[in-house]
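The chain contents come next:
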Amino acid sequence: MKLSEQTVLVTGSSRGVGLAIAKAFRAEGAQVVLNYYKSDPTTMTSLAKEIDAFPFRADVTSPEQIQALFAAAEEHFHKPITTVVNNAIIGGYEFNGDTGRYKIPDISWSNFDTQLQGFLRGTLNTTQAALSGFEKLGFGRIINIGTNLFHHPVVPYHDYTAAKGALLAFTRTCAADLGPKGVTVNMVSGGLLQTTDASASTPQEVFEQIKAVTPLRKVATPEDLAGVVLFFASPWADAVTGQEMIVDGGLVMR
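None of these values were measured; they are calculated from a predicted model.

### Some thoughts on the environment of glutamine 194
Next up, step 1: On the secondary structure map, glutamine 194 appears in the loop between β6 (183-190) and α6 (204-213).
Next up, step 2: Here the alpha-carbon distance between glutamine 194 and alanine 220, two residues 26 residues apart in the chain, equals 6.3 Å.
Next up, step 3: In this view, glutamine 194 contacts Gln204, Phe207, Val219, Ala220, Thr221 and Pro222; residues no more than four positions away in its chain are not counted.

So, in structure tokens, the structure goes:
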């Protein structure tokens, strides 16, 4: 299915990476559902009108709200969602350097549980809600947003990184399970991105340190990551599933 024929849900797409991905899909002619939860509804309505997308407020950790989102999107676009980008972050996570993170003596299980609820439970909810549409079409794309911190914890954010590692495992088991249905499941893992709400509090010296040891001598942007998401959604990736692509200028090579 061409990008222009797809109906795409991007979770957590009110700003930052999610919004960059949504705009990239719209530029290719895809129909887009802008999912948000805590953002101002009036602002989201205006943003959706600006890029010609369909806004819908839903908490990804709620199966009922996600089912309602899929039903509303199908009614609005007169066809099921074909492509799901799982990007939402729960709890307003901030990459604020070594001084601002929870360290081993201080971190609690609730920190881990919050991240697992957002990344793993949220992805399970959207995947389950998408299945009937995928089966109806004989086609589906799921792209999960990961992190290169799983491979190279420059700053050891324990809860965030562990939950993303679990999401990578779920990406691969879903790829194996859903492949016979014509569904591909892949992951795009960004490094520190310049600049999103989550990285706005990152000390400038961290950006400079990463830039200095990155082969391309640059910090990747949300737009850089969005391009790879579109690749996984495109016909060029028809035979690619269960894979992870790292978008960080070459800092991590696998």
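### Description of the pairing of strand β3 (residues 54-57)
Next up, step 1: Burial of the side chains of β3 is restricted to one face: Phe54 and Phe56 are buried, whereas none of Pro55 and Arg57 on the reverse face is.
Next up, step 2: Across 4 bridges, the pairing between strand β2 (residues 31-36) and β3 is parallel. The partner of leucine 34 across the bridge, within β3, is proline 55.
Next up, step 3: As for the winding sense of the linkage, the β-α-β connection from β2 through helix α2 (residues 41-51) to β3 is right-handed.

### Describing helix α3 (residues 63-77)
Next up, step 1: With 15 residues, α3 ought to run about 21 Å at 1.5 Å a step, and its terminal C-alpha atoms sit 21 Å apart, in line with that.
Next up, step 2: Residues Ile66, Leu69, Phe70, Ala72, Ala73 and Phe77 constitute the buried set of α3. Looking straight down α3, one finds its buried side chains confined to an arc of 165°; they lie on one side. Opposite the packed face of α3, turned more than 90 degrees from it, sit the exposed residues Glu64 and Glu75.
Next up, step 3: Residues of α3 that are buried in the fold lie against β1 (7-10), β2, β3, β4 (83-86) and α4 (109-137).
Next up, step 4: Taken from the residues just after α3, histidine 78 is the one with a positive phi, measuring 65°.

### Thoughts on unusual backbone geometry
Next up, step 1: The backbone of histidine 78 shows a phi angle near 65°, a positive value even though the residue is not glycine.
Next up, step 2: Relative to the assigned elements, histidine 78 resides in the loop between α3 and β4.
Next up, step 3: Of note, arginine 217 is a non-glycine position whose phi angle comes to about 55°, a positive value.
Next up, step 4: Positionally, arginine 217 belongs in the loop between α6 and α7 (222-233).
Next up, step 5: Arginine 217 gets classed as exposed once you look at its relative accessible area, which sits at 52%.

### Let's talk about the packing of α3 against α4
Next up, step 1: For the pair α3 and α4, the least separation of the axes is 9 Å and the interaxial angle reads 35°. The element α3 and its partner α4 pack so that their crossing is right-handed. For the pair formed by α3 and α4, the contact residues are Pro63, Ile66, Gln67, Phe70 and Glu74 on the first element and Arg121, Asn125, Thr126, Ala129, Ala130 and Lys136 on the second.
Next up, step 2: Counted by class, the contact of α3 with α4 contains 5 nonpolar, 3 polar and 3 charged residues.

Rules of the game
Residues numbered from 1 in each chain as written. Predicted model: local features only at pLDDT ≥ 70, side-chain atom pairs only at ≥ 80, totals over all residues. Heavy atoms only, no water. Helix = DSSP H or I, 4+ residues; strand = E, 2+ residues; numbered from the N terminus. Contact = heavy atoms within 4.5 Å. Buried < 20%, exposed > 50% of the residue type's maximum accessible area, 1.4 Å probe, protein only. Pairing = 2+ DSSP bridges. Right-handed = clockwise from strand over helix to strand, strands pointing away. Expected span 1.5 Å × (residues − 1). Arc of directions from axis to C-beta. Axes fitted to C-alpha atoms, helices over the stretch in contact; angles between N-to-C directions. Left-handed = near helix turned anticlockwise from the far one by under 90°. Nonpolar A, V, L, I, M, F, W, Y, C, P; charged D, E, K, R; others polar.

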